[in-house]
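# Geometric and topological summary
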Amino acid sequence: MHRSNILCRITGVLKTSCSHRHQHTNTQATIIDGKKIANEILKNLKAEVEDIVKAGKRAPCLTAILVGDNAASATYVRNKMVAAKKVGISSDTIRLPTETSQDKLLEEVNKLNNDEKVDGIIVQLPLPKHIDEQKVFNSVLRTKDVDGFSASNFGLFSLNMCALAPATPLAVHELILRTGIETKGKNAVVCGRSKNVGLPIAMLLHSDTHGDILGMDATTTICHRFTPPDQLTHYLQNADIVVSAVGIPNLIQAHMVKKGACIIDVGISHVKDPSANQFKLVGDVDFENVSKVASFITPVPGGVGPMTVVMLMKNTIIASRLNSS
Ligand SMILES: Nc1nc(=O)c2c([nH]1)NC[C@@H]1CN(c3ccc(C(=O)N[C@@H](CCC(=O)O)C(=O)O)cc3)C=[N+]21
Ligand SMILES: [Mg+2]
C-alpha cells in the first residue's frame with residue numbers, strides 16, 4: 001500500500017518534469033546578489049534589535065573565540081563583527097594562541113556559558129589539530145550555540161525541532177527561497193558531506209515544509225569524495241538545484257549542469273591570481289560557463305558568504321530572546 005503510493009508519487013514527479021521541461025532560450029543566469037540581500041536583511045535585523053533595546057533590554061551580544069592565526073578565519077570573524085556593529089549587536093573577539101590546550105578552550109567556553117551578558121558564542125573553525133572540535137562545540141550552552149554545531153542542536157535540527165540552526169544552511173535556504181523557484185518534488189544535489197555545511201543543507205532540502213519547518217521537499221542526493229566522477233556528472237545532470245560545498249575550484253562545470261538549474265556555490269578556495277600576483281576567493285563552480293546554462297547562480301565572493309554572516313546575526317537575536325526568557 002505504502003510502496004505503491006510512493007511509486008505513484010515518483011511516477012508523477014517524472015511525468016511533470018518531462019512535460020514541463022525548461023525550454024530556456026536566455027543564455028545568462030540571474031546572478032543571486034547575496035551581498036545585496038544580506039544588506040536588506042541586516043536592515044530588518046537592526047530594527048529588531050532597536051525594538052529589543054526600546055523594550056528596556058540590553059542589546060544582544062555575540063562573542064567569538066578565535067584560536068591561532070589563520071588569516072582567512074580572522075577575515076571571517078572580522079566580517080561577523082562588522083555585521084554585528086551594523087545591526088547594533090555588541091560583540092567581542094577572544095583571541096587565543098595556537099598552542100592553547102583543549103582544557104583551556106573548554107574553560108573559556110564555560111566562562112561565556114555562565115556570563116549573563118553573552119547571548120551567542122562562536123568558536124571559529126578550523127581549530128588546531130590537537131583540539132577535538134566536536135567536543136568543544138558540545139560544550140557550548142545550547143541556547144548560546146548560534147552556530148548550531150552542538151550535538152544537541154544538531155539533533156534537534158535533524159528532527160525539525162531546533163531554535164538555532166547552522167548559519168550557512170540557513171543562508172542557502174534563504175537564497176533558494178528568494179529565487180522563487182519551486183523546490184517541492186525537484187531534484188537537489190548537495191556536493192560535500194561535512195557535518196557543519198553539506199549534511200545540514202541536505203537536511204533542509206529533503207525535509208518537509210509542514211508548519212514552521214524550514215524544509216524544501218526536494219528529492220535530495222548527497223555526493224562526496226567517494227562518488228565516482230561519472231556518477232557525480234550523472235546526478236548533477238539530473239539536478240534542478242545544486243549546492244556545492246566542497247572547496248575544489250571548477251568542480252562543477254557547464255556540461256555537468258542541467259539547463260535551467262539553480263546553482264548555489266558554498267565553496268571557498270583561495271587561489272593565486274596570476275594577473276595580480278595575489279590570492280583571490282573562488283567557489284566550486286566554473287561561474288563563467290555554468291552561468292550560461294543555469295537559471296540562477298550565486299557568485300563567490302558576494303553570494304553565500306555574506307548571507308551566512310547575516311544568519312549568524314539572526315541567530316544571535318534569537319539566542320538573546322532564549323536567554324532572557
Ligand atoms: N564556527 C564557525 N562558524 C562559521 O560560520 C564558520 C566557521 N566557523 N569557519 C569558517 C566558515 C566560513 N564562513 C564564512 C563566513 C563569512 C564569509 C564571507 O563573508 N565571505 C565574503 C568574502 C570574504 C573575503 O573577503 O574573504 C563573500 O563570500 O563575499 C565566508 C565564509 C563561516 N564559517
Ligand atoms: Mg560567497
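Residues numbered from 1 in each chain as written. Chains lettered and ligands numbered in written order. Predicted model: local features only at pLDDT ≥ 70, side-chain atom pairs only at ≥ 80, totals over all residues. Heavy atoms only, no water.

### Focus on the sheet that holds strand β1 (residues 30-31)
In spatial order, the strands read β1-β11-β8-β7-β5-β6; together these 6 strands make up an open sheet with parallel pairing. Two strands in the sheet have a free side with no partner beyond their single neighbour: β1 and β6 (219-223). In terms of strand pairing, strand β8 (residues 262-265) meets strand β11 (residues 296-297) through 2 bridges, oriented parallel. Within β11, the position partnered with I263 by the bridge is I297. Of the strands in this sheet, β5 (187-191), β6 and β7 (241-244) are in contact with helix α9 (residues 229-237), which crosses β5 at around 140°. (Pairing = 2+ DSSP bridges. Helix = DSSP H or I, 4+ residues; strand = E, 2+ residues; numbered from the N terminus. Contact = heavy atoms within 4.5 Å. Axes fitted to C-alpha atoms, helices over the stretch in contact; angles between N-to-C directions.)

### Digging into the UniProt feature "domain: Tetrahydrofolate dehydrogenase/cyclohydrolase NAD(P)-binding" (unreviewed entry) in the protein chain
Feature annotation in UniProt places "domain: Tetrahydrofolate dehydrogenase/cyclohydrolase NAD(P)-binding" (unreviewed entry) on residues 166-320, given in this structure's numbering. With 34% helix and 19% strand, residues 166-320 has end C-alpha atoms that lie 16 Å from one another. (UniProt positions renumbered as here; feature names shortened; annotations may be inferred.)

### A closer look at helix α4 (residues 102-113)
Taking 1.5 Å per residue as the helical rise, α4 with its 12 residues ought to reach 16 Å, and the 16 Å between its terminal C-alpha atoms agrees with that figure. Of the positions making up α4, those classed as buried are Q102, L105, L106, E108, V109, L112 and N113. Buried residues in α4, looked at end-on, bunch into an arc of 155°, giving them a common side. Those residues of α4 that are buried are in contact with β2 (61-67), β3 (90-96), β4 (120-123) and α5 (133-139). (Expected span 1.5 Å × (residues − 1). Buried < 20%, exposed > 50% of the residue type's maximum accessible area, 1.4 Å probe, protein only. Arc of directions from axis to C-beta.)

### A word on the nonpolar core
Core analysis: the largest hydrophobic core is formed by 54 residues, its most contacted members being L205, V243, I264, V266 and M313. V257, V285, A294 and I297 belong to the second largest nonpolar core, which has 19 residues in total. (Core = buried A, V, L, I, M, F, W, Y, C linked by side-chain atoms within 4.5 Å.)

### With respect to the pattern of salt bridges
Scanning all chains against the criterion turns up 9 salt bridges. With a closest N to O distance of 3.5 Å, E40 and R178 form a salt bridge. Of the two residues, E40 is situated in helix α2 (residues 34-54) and R178 in helix α7 (residues 167-179); the sequence distance between them amounts to 138 residues. A relative accessible area of 37% means that E40 is categorised as partly exposed. Exposure remark for R178: the relative accessible area of 40% places this residue in the partly exposed category. With its nearest N and O atoms 3.4 Å apart, the salt bridge here joins K111 to E108. In this pair, K111 and E108 both sit in helix α4, 3 residues apart, roughly one turn of the helix. Among the charged side chains, a salt-bridge network with shared partners connects E40, E174 and R178. (Salt bridge = Lys/Arg side-chain N within 4 Å of Asp/Glu carboxyl O.)

### Some points on the sheet that holds β2
Here we have 3 strands laid out as an open sheet, ordered β3-β2-β4, and parallel in their pairing. The strands lining the two open edges of the sheet, one partner per strand, are β3 and β4. Strand after strand, the sheet turns through a mean of 15° between neighbouring axes, direction not considered. As defined by bridge partners, β2 adjoins β4 across 4 bridges and the pair is classed as parallel. Bridged to T63 within β4 is I121.

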